[in-house]
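Chain residues, written in single-letter form:
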Amino acid sequence: MYANVERIGTMQCGVGESPVWHSGEQALYWTDIPGRTLWRWSQSTGQCDAWALPEMAGCIAMTSDGWALAMESGIYRVRQPQAGMALAPLERLATVEHARPDMRFNDGRCDRQGRFWTGTMVLDTSLGLPVGKLYRLDAAARRIDGVIDDLIVPNGLAFSPDGRTMYLSDSHASRQTVWAFDYDVESGTPHHRRVFIDMNAHPGRPDGAAVDAEGCYWICGNDAGLVHRFTPDGRLDRSLPIPTSKPAMCAFGGPGLDTLFVTSILIGDDPLSGATFAVRPGVTGLPEPALSV
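Let me sum up the structure you'll find in this document. This is a predicted model, so every value here is computed, not measured. (Residues numbered from 1 in each chain as written. Predicted model: local features only at pLDDT ≥ 70, side-chain atom pairs only at ≥ 80, totals over all residues. Heavy atoms only, no water.)

1. Details of the sheet that holds strand S10 (residues 103-110)
- One open sheet holds the 4 strands; their spatial order is S10-S11-S12-S13, and the pairing between them is antiparallel. The sheet is open, and its two borders are formed by S10 and strand S13 (143-151), each paired with just one other strand. When strand polarity is set aside, the average angle formed by the axes of neighbouring strands in this sheet is 25°.
- Pairing between strand S11 (residues 116-122) and strand S12 (residues 132-138): 3 bridges, direction antiparallel. Bridge assignment links Thr118 to a residue of S12, and that residue is Tyr135. (Pairing = 2+ DSSP bridges. Helix = DSSP H or I, 4+ residues; strand = E, 2+ residues; numbered from the N terminus. Axes fitted to C-alpha atoms, helices over the stretch in contact; angles between N-to-C directions.)

So, in structure tokens, the structure goes:
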């Protein structure tokens, strides 16, 4: 049932999120949101390193010399971490003014031009409050601009290979929708929003996502233990089983970008929940863009 699926490391994250493949190091980075931890796994050595964070980080993006982290109070930059050493001091790139004090950043990534996008949500998702926003970072001006509002749990952010389509989901049980937008690559502006996938018709709630080199959209089916692949016209192509029910986000990596890394969420007494997995899906992905500062 779980052919071509391996667990990497032995860690269990409360909410494993935002896996990003660092091609220069041949290593995977990701964040444990409630654990306030940045993780790294080296493919060549199998070694895992962890660094404590001062706030919860919902997502991360590469920079030229380190990482950008979308945390609780804003977006920060940190120099490349070193094994066995604490993180260097964080530099604030932008501050966020949340609609409520009980909010944080969640899913996010850079577009093909290196603009960092990330969404916000209320910590208690059971409240179902549509006060989240999708923000675009203006790193030069050190500010973030709210572009899309009325979101409960923004997720599934991804961009087509040519960068001209943006995908965004809301994984809250009352929404369960993935939208597609036409995306102006010059201005970084999404428009012409339409429903791409109604996830009520498929197993699982739409969580984190990635796009492969063929332009197909991979999204974690949270609660269903599946990662779905949809063609650019919104047709379900296949579903890969993951050995835990709550996969959180996926990303392509490995030397040939032919491995799909999948993080997950800790639940109950499931010994594999919160683990991170490496899957061989039979297709390749795209390099993850770095933040342009």
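2. Points about the pattern of salt bridges
- Summed over all chains, the structure comprises 20 salt bridges.
- In this structure, Arg229 and Glu214 form a salt bridge, with 2.6 Å as the shortest nitrogen-oxygen distance. Of this pair, Arg229 sits in strand S20 (residues 226-230) while Glu214 is found in the loop between strand S18 (205-211) and strand S19 (217-222), placing the two residues 15 residues apart along the sequence.
- Arg229 gets classed as buried once you look at its relative accessible area, which sits at 4%.
- By relative accessible area, Glu214 is classed as exposed at 55%.
- Of the charged contacts in the structure, one is a salt bridge between Arg229 and Asp237, with a shortest N-O distance of 3.1 Å.
- Asp237 gets classed as partly exposed once you look at its relative accessible area, which sits at 30%. (Salt bridge = Lys/Arg side-chain N within 4 Å of Asp/Glu carboxyl O. Buried < 20%, exposed > 50% of the residue type's maximum accessible area, 1.4 Å probe, protein only.)

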